[in-house]
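Observations on the model geometry
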Amino acid sequence: MITTTKPAPRLDTTARTAPRKRRPLRTWVIAVAAYVIAVIFLLPYLEMLVMALRPNNELGRATIFPKHWTFSNFTTLWSSGLGGSIGTSLEIAAGATVIVLLVALPAAYCTARRRFRGRVAFLLLVLATQMFQPAAMLVGIQREFSDFGLPPTLSLIVVNAAFNLAFAVWILTAFFSSIPVELEEAAMVEGLGRVGALTRITLPLAAPGIVTALIFTFIAAWNEFLVALTLSLGQPPSQQPLTVAINNYIGEYSVDWGHLFAAGLVATVPVIILFAFIERRVVSGLTAGAVK
Amino acid sequence: MDKKFARRICGGAALAVAGTLALAACSSSSSGGSSSGGSGATTLKLVVADYGTGPGNASAKYWDGIVTAFEQAHPNIKVDVTSIAWTNFDQQVQTMIQNKQYPDITEGDYFSNYAQDGLLYSASDVLSDPGNLLQTFKQQGTYNGVQYGMPFTTSSRTLFYDKKLFTQAGITSAPQTWADVEADAAKITKMGDVGFGLPLGAEEAQAESLLWMLGDGGGYQTGGKYTINSAPNVAAFTFLKGLVSAKDTEPNPGTVNRTDLWQQFAQGKVGMINGSPALIPIIQSAGVLQASDWTSVPIAGKTGPLTDTLGVCDNVAAFKPNGHQAQIKEFLDFAYQDKYQLAFDKEYDLLPATTTATKALTSDAVFAPFLTALPNSVQYPSNTTWATVKSKIQQTIGLAVTGSPMTELSNLQQIATTAS
Amino acid sequence: MPAALRRLTPLLWLSPALALIGVVVLWPVVVMVQSSFQQIGGEGFVAGYNGTTNYHNLFHEPDFVSVLLRTVVWVVVVVAVTVLLSLGLAQLLHQKFPGRRLTRWALIIPWAASVMMTALIFKWALDPNVGVINVILHHIGVVKQYGSNQADWLGNPTSALAWMMAVAIFVSLPFTTYAILSGLQGIPGEVYEAAQIDGATSWRSYLGVTLPLLRPAILVATLINVINVFNSFPIIWEMTRGGPGYETSTSTIYMIDLKQSDVGQAAAMSVFNFLLVIVIVLVYLSTTRWKEQVDQ
């Protein structure tokens, strides 16, 4: 459900009960409070940047900022196989996203358009599986996939796709529901056929929702840690996804914090940029279907 | 509006993805390592522990050197090296095996339950001259009378102390007994440094604990049976608990690993710590302590220095499920050559595991005393339950110095006896 | 098209989804339950069935009860504080002020970054000797000495738990705030105007008007948070590994540690965790009369 933002009436926030002042000042008080909060949310990641630029010989010094800023952590990063890990993470995230796309679209479209028997059951099933998390079923997942004998990357693609499927179906169903059937019927009347109507009319209109679901899946698969850790051990580092590769920096004789955070930045920044694109849609997409 | 938005998103997303792809592409071409493949070639999966202190002397480098030379001499065998940090080694190998992604060769810790499950080749299956391996360590690698664990490198432990801090605190002699340790640690703590560095964190708690148990004549086993909560062991931990509550150690020893404390010792912030020769390069690379500022002596026991030290040996194990026996044999024969053993030992200040390499080193002044101590060393238990007991020790024994030693040690004893 | 066949076409559209869910999400539950009745050592070899021994051993583990209690505390505190803070944050971000867009972007960063990375940043920042949080606290005089017990936030189970809960709240805030924000945006303006006409103060109108209308959003957010926080892994794993001993472990961490030595027992723990989550969810749903909210 694509909600439109109506101008909010003047409601004071509960924690900050400012006395009733003239509008401009109150707005600025709110703005400053918001800026402070924004900075707090940024701080840990800024710290990651500072750490990534800290030379190795300053790791033992108790200072907030390093004396000498250096890019050496970034330049020496690739020799430890990080490029391969990025490729692996990309494979897994892209693969999972493609599978989700291929599987969720038909299911969501059908659920949105047809009130078939078992529709409620299907929706409930989807809702229920959103509650199943990989961590809770790790033993089962590990034993099942070790019996399948698939290469770990493929296993991870399938696992990530399956666990993000419910969310995608949920969002897409809501988006498809909000597109009036009349548009499709009009297109079919003009001779487009069902599939034609689907591709020419419905999909472009649902594109924001589709892209939101896909980016969400991509990010979830990119950041996934526990199942990746469990299934991709024993692979050479370049075959392990990024989260696992970064985790490997821990536990060396001296925890390689500088490289770890440099790698962390590489892993995090693309995702933040991606997420920024869907930020607006997320507000509506997330609780669509449950909040009308 | 939505169409434009959608296009904007797609464009941006494509850009982000393309950017990362480009990054991956130009860097994956520069990542080295041996590639698997070639028609008719067998690929061996080698999983090793990392003994290095940083990327400069990472163990992967040492093995890459051997692998390059080996692959030149044996063109139809390729070797993939995976190096894992010690803290994660057991767990990762365990998970690999759970996932049925069996390695061919591992170098690091060894557990006889792999032999029990029929997963391993015996030493004579994969080595031309198994008799060359140090006999002292044969027992710990043996299961049901057959040797499966092949020692690769060994080390013994000593007590390192910071002479500079000692002089500042007015201490004139090296600590020899527990009472000395207590007194010296108290003096150093007054100066604001850590008196005794006690690493009981998950990384190697089993080693540190054993050193203290030995100090009172205890140990993990007596006559082949587990006696973790024996009176001498409880006494040892009661002593340690006193040390911790007097704040003469670092806070919360159960959460601190040897690696962190060794770094701090190298920075001159710790008075005493149990170490092995591997601590020496860490001190040298930190550049804070001069050679005259520290020294090592036998570990302090309750009434005097220990005569039996802890002899740790890291093992090579060869795995059956991939069926690469012949190739494994060629590789191990190659890797166990004296020149590689000695290179490893010089790199990491550890001790060799073959008789011939040991002979070559007896003339070396630095290594000689450690070598002579080896035959008398005490080792970890070698039965099939040690894997479970060890992981429980690593996780929980830190509680014995903040809580009740008797309770914690009894818990461990119970796990040891029920696991068998 | 014959009527019977028509009825089956939805199956065609749904079957890939059903297959994927069935194989990857549902079947492992079956495997898990099965494994919990088997004797499986650390190498993953099944030695046969051993009835309820795994469960028996599990319930008699010395740390079992304390781990469960801690899990309850963990979930309740993190979710409650998250929801409360999110209500305030959402209200704030709902207002119009310059730079609102940028502020919202800052909020999503902990959500976009992997939780593992965030946990590692805090682990470093809390290092007793060089961590930036300790450095700042030292400068302002709160932490007297580096390397002391006071500075060892993560070594002490109580302070470690507090910090880890703070991190968990930190990473849960973005999603929850956005969920409530979307709920806020669905409330029409006339509702407030009517309340104002009736003479309600802003606090009263918040309690009496806004909150009830936000119920669906709060409901969804709380539910998803409870499940996520219960299954939370990277934060505790990276910051303390559940130690010392098991004094900072939740049931998920405990299960994963068990998996190393006794897969069968770990499976039993998983089954127990699973049932626990289902019970919590069912209780929560029944007390909030969920069925009314789902609009079909």
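Residues numbered from 1 in each chain as written. Chains lettered and ligands numbered in written order. Predicted model: local features only at pLDDT ≥ 70, side-chain atom pairs only at ≥ 80, totals over all residues.

1. Quick word on the interface of chain B and chain C
For clarity, the threshold we go by: By definition, residue pairs are in contact when their C-beta atoms, positioned from the backbone, come within 7 Å. The secondary structure listing takes helices from DSSP runs of H or I that are at least 4 residues long and strands from runs of E that are at least 2 residues long, numbered from the N terminus. Amino acids are sorted into nonpolar (Ala, Val, Leu, Ile, Met, Phe, Trp, Tyr, Cys and Pro), charged (Asp, Glu, Lys and Arg) and polar (every other residue, Gly among them).
Between chain B and chain C, the residue contacts involve 22 residues of the former and 22 residues of the latter. Counting residues per element, the ones that place at least two in the side of chain B that touches chain C are α3 (86-98), α4 (112-116) and α16 (386-396) of chain B. Residues that form the side of chain B that touches chain C fall into these classes: seven nonpolar, 13 polar and two charged.

2. Considering the packing of helix α9 (residues 202-230) of chain C against helix α12 (residues 263-287) of chain C
Residues and elements named next belong to chain C. Threshold: In this analysis, axes come from line fits to C-alpha atoms, helices being fitted only over the stretch in contact, and the angle between any two N-to-C directions falls in the range 0 to 180 degrees. Angle categories are assigned with fixed cut-offs, so that under 35 degrees is roughly parallel, over 145 is roughly antiparallel, 65 to 115 is roughly perpendicular, and the rest are oblique. Note on convention: near helix rotated counterclockwise from far helix by under a right angle means a left-handed crossing. Clockwise means right-handed.
Here α9 crosses α12 at 165 degrees, and the two axes come no closer than 11 Å. If you check the angle between α9 and α12, you find them roughly antiparallel. Note that α9 runs across α12; the crossing there is right-handed. Of the residues in α12, those touching α9 at Leu223, Val226, Ile227 and Phe230 are Val277, Ile280, Val281 and Tyr284.

3. Here we look at the pairing of strand β3 (residues 105-108) of chain B
All names here are of chain B. The following threshold applies: Any residue surrounded by 20 or more other C-beta atoms within 10 Å of its C-beta is treated as buried, while 12 or fewer makes it exposed and the intermediate range makes it partly exposed; C-beta atoms here are placed from the backbone. Two strands pair if DSSP finds at least two bridges between them.
Residues Ile105 and Glu107 point to one face of β3 and Thr106 and Gly108 to the other, with burial holding for every one of them. As judged from the three bridges shared by strand β1 (residues 42-50) and β3, these two strands associate in the parallel manner. Bridging from a neighbouring strand, Val47 pairs with Thr106 of β3. Bridge count between β3 and strand β13 (residues 311-318): four bridges; the pairing is antiparallel.

4. Let's talk about the interface of chain C and chain A
In this assembly, 88 residues from chain C lie in contact with 86 residues from chain A. No other element matches helix α1 (residues 3-36) of chain C, which puts 15 residues into the side of chain C that touches chain A.

5. Re the domain arrangement of chain A
Residues and elements named next belong to chain A. Selection rule: For every domain, the bounds stem from an assignment made automatically or drawn from a database.
Here the domain parsing of chain A yields domain 1 (23-73) and domain 2 (80-286). At the interface, eight residues of domain 1 touch seven residues of domain 2. For the side of domain 1 that touches domain 2, the per-class residue count stands at five nonpolar, two polar and one charged.

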